[in-house]
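Each chain, written out:
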Amino acid sequence: MKVTNMRVLSIDVFRALTMLLMIFVNDFWTLKDIPQWLEHSQADVDFLGLSDVVFPCFLVIVGMSIPFAIQNRISKGDSNFQLIKHIVIRSIALLVMGVFTVNSPDLNPEATGMRQEYYIILMVLGFFLIWNVYPKATDWKKYLFIALQVIGVCLLVWLAIIFRGNADNQIVGFRTQWWGILGLIGWAYLGSAIIYVFIWRKPILIPVVWGLFTLLNIADHAHWLEAAHLSDVFGWIPGAGAFHCFTFAGMIATLLLEKYYSSTENKKLLIIYPIIGVGLIVLGLIFRKFFIISKIHATPTWIFLCSGIAFLFYTIIYWLVDLKKKAHWFDIIKPAGTSTLTCYLIPYWYYAIAALYGFVIPIIFKTGALGLIKSMIYAFIIIGITALLGKLKIKLKI
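Since this is a predicted model, take the numbers as computed values, not measurements.

Undergrad: Please explain the overall build of the protein chain as it appears in this structure.
TA: Assigned secondary structure in the protein chain consists of 16 helices and two strands. In terms of overall dimensions, the protein chain has a C-alpha envelope of 60 × 55 × 50 Å along the principal axes. Counting over 398 residues, the protein chain shows a buried share of 50%. For the protein chain, the proportion of contacts with a sequence separation of at least 24, taken over those separated by at least 6, is 78%. In the form shown here, the protein chain has an accessible surface area of approximately 19600 Å², with 67% of it arising from carbon and sulfur atoms. Positive and negative side-chain charges in the protein chain, numbering 32 and 20 respectively, have mean positions lying 13 Å apart.

Right under this line is the structure:
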C-alpha cells in the first residue's frame, strides 16, 4: 500500500506541535523581558529566532500533506480539472481570510463606524459561517446550512465595504497589502498543489522543482533577475519562491516516506532525514556569507536553515510517533493537528473579547519566565477550546 493512501500519525503530531508553537509565539506581543532568541528577528538583522522557524515548519507540513490529499482524490476518480478546481477554491478561501486578517489591525474605528474588536469578532464569525464543516443533510437542515453560508458571505462583503484603515497618515479602504500568513499559505498551496497534479507520476521532478524555486529565490536576492530584466516576469511570486521552497521540501519528505514507510527499511529515514537536514543547515551557513538570515526578506539563508531544522524536528517526531508508537503522548494537543485552521483563528476572538471587557493579566505574569509560562498555558487553553468546539460540530475546513 502506498503511503499516500494511509494516514501517517507523525505528520499530524508535527502539525499539532507546530500550531502549538505558533499560538505560543504569536502571544509574545503581550510579554516583555523575554529572551531575544525566542522572538522574531527584525527585517535587516542577521539573526534567526524561534519565532522565525515556526511558519516555515508549517509550510513544510503543507507540502507533506499535498501528496496525501491529491492522491486520495485521484483514487476516488477525480480528473485533473476537478483537482485544480478543488485547489483553487481552497486557495481562494485562504487568500480571503489572509486579506481580512492583515487589514483588521489597521482599522480606523471612526472612519469605519465600528470598534476594531467588534470588526474582528464579526470577521471570524463570517469565516466560521462559510467554512464550517456542516453535517450532511437532505432535509430542511441542508437549506439552513446553505443559508448560514450565504449570511457569512454577505457579512464578509459588508465588512470589506465599510472598512477604512490607517496607512501612511491617510485613510484607505480594504486592500491586499502583504496577504497575511493565511494568504501566503494560500499562494504556496495554490502553486505547489497545481504543479504536483501534473508531475506526481514522475517523482524525480519534485526535487527538481524545489531546486528551481530555490534558484529563483537566490537569483532575486542576488539581483540577477533585475539585471536580466526578469523582475516583472517573476515578481508576482510571493517571497520570490521562498514559500514554495518549503512546500516542495515537504513533498520531498513525503516522497521518502512513500518509499520507506511501509517497508522493513523504515528506520533508514532516521539516517536520510538528518542527512538532508544537516546538509540544508550547512548550505544555510555557507549562503550566510552572501545573504543575511531574514524571514521578512525571505532570504535563501533563511530558507535553507529553516528547512534543515524542519527535517531534523520531523525526524525526532517520526522516530517517537511512528517507530516507537508514542502518538498517545500528544493526545492533549491532537485538535491542533486535526482542526488546525480553527485553532489558528480562535485567538482573534480571544484578544478582541479580552480587550472589550478590559481583561488584564497582572504584569508579573507577562514578564520573563512567568510570561512565557503564561503564553504556553494560553496556547493549551486555545487548543482545549478547539477540542470543545469540535465536540459541538464547529470545525473549519476548506
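Undergrad: Quick question: what am I supposed to make of the side chain of Ser375 here?
TA: On the secondary structure map, Ser375 appears in helix H16 (residues 368-391). Sequence-distant contacts of Ser375, defined by excluding residues within four places in its chain, comprise Phe24, Asp27, Phe28 and Leu31.

Undergrad: Looking at this structure, how should I read the packing of aromatic side chains?
TA: Aromatic rings considered in pairs are described by the distance between their centres and by the relative angle of their planes. For the structure shown, the criterion picks out 27 aromatic pairs. A centroid spacing of 4.9 Å and a plane angle of 20 degrees characterise the contact between Tyr134 and Phe145, whose relative ring orientation is stacked. Taken as a pair, Tyr134 in the loop between helix H5 (116-131) and helix H6 (140-162) and Phe145 in helix H6 lie far apart in primary sequence, 11 residues in all. For the pair Tyr134 and Phe145, one class covers both residues: buried. Their ring planes at 70 degrees and their centres at 6.4 Å tell us that Phe287 and Phe290 sit as a pair that is edge-to-face. Its relative accessible area of 60% is what places Phe290 among the exposed residues. What links up through ring pairs into an aromatic cluster is the set Phe14, Tyr261, Tyr273, Phe311, Phe313, Tyr314 and Tyr318.

Undergrad: Would you mind showing me how to read helix H15 (residues 340-356) here?
TA: Every α-helix winds through 3.6 residues per turn, so residues three or four apart in the chain are directed the same way. Look at H15: 26 Å from first C-alpha to last across 17 residues, which is about the 24 Å you get at 1.5 Å a residue. Within H15, the full set of buried residues consists of Thr340, Leu341, Thr342, Cys343, Tyr344, Leu345, Ile346, Pro347, Ala352 and Ala354. A positive phi of about 65 degrees marks Gly358, the residue just after H15.

Undergrad: Mind showing me how you'd approach a nonpolar patch on the surface here?
TA: On the surface, Ile363, Ile364, Phe365, Leu370, Ile373, Ile377, Ile381 and Ile385 cluster together into a nonpolar patch covering about 720 Å² of accessible area. Along the chain, Ile363 turns up in the loop between H15 and H16.

Undergrad: Just to check I follow, could you spell out the packing of helix H1 (residues 9-26) against H16 for this structure?
TA: Describing two packed helices takes the angle between their axes plus the distance from one axis to the other. The contact between H1 and H16 brings their axes to 8 Å, and the two run at 130 degrees. As far as their axial angle goes, H16 and H1 are oblique. H16 is crossed by H1, and the crossing has right-handed handedness. Here H1 contributes Leu20, Ile23 and Phe24 to the contact with H16, which in turn contributes Leu372, Ser375, Met376, Tyr378, Ala379, Phe380, Ile382 and Ile383. Broken down by class, the residue content of the contact of H1 with H16 amounts to 10 nonpolar, one polar and no charged.

Rules and cut-offs
- Residues numbered from 1 in each chain as written.
- Predicted model: local features only at pLDDT ≥ 70, side-chain atom pairs only at ≥ 80, totals over all residues.
- Heavy atoms only, no water.
- Helix = DSSP H or I, 4+ residues; strand = E, 2+ residues; numbered from the N terminus.
- Buried < 20%, exposed > 50% of the residue type's maximum accessible area, 1.4 Å probe, protein only.
- Contact = heavy atoms within 4.5 Å.
- Areas by Shrake-Rupley, 256 points an atom, 1.4 Å probe, with all protein chains shown as cover.
- Lys, Arg positive; Asp, Glu negative; His and termini not counted.
- Charge placed at Lys NZ, Arg CZ, Asp CG, Glu CD.
- Phe/Tyr/Trp six-rings, centres within 6.5 Å; stacked < 30°, edge-to-face > 60°.
- Expected span 1.5 Å × (residues − 1).
- Patch = residues over 30% accessible without salt bridge, like charges linked within 9 Å, V, L, I, M, F, W, Y side chains within 5 Å.
- Salt bridge = Lys/Arg side-chain N within 4 Å of Asp/Glu carboxyl O.
- Axes fitted to C-alpha atoms, helices over the stretch in contact; angles between N-to-C directions.
- Parallel < 35°, antiparallel > 145°, perpendicular 65-115°, else oblique.
- Left-handed = near helix turned anticlockwise from the far one by under 90°.
- Nonpolar A, V, L, I, M, F, W, Y, C, P; charged D, E, K, R; others polar.

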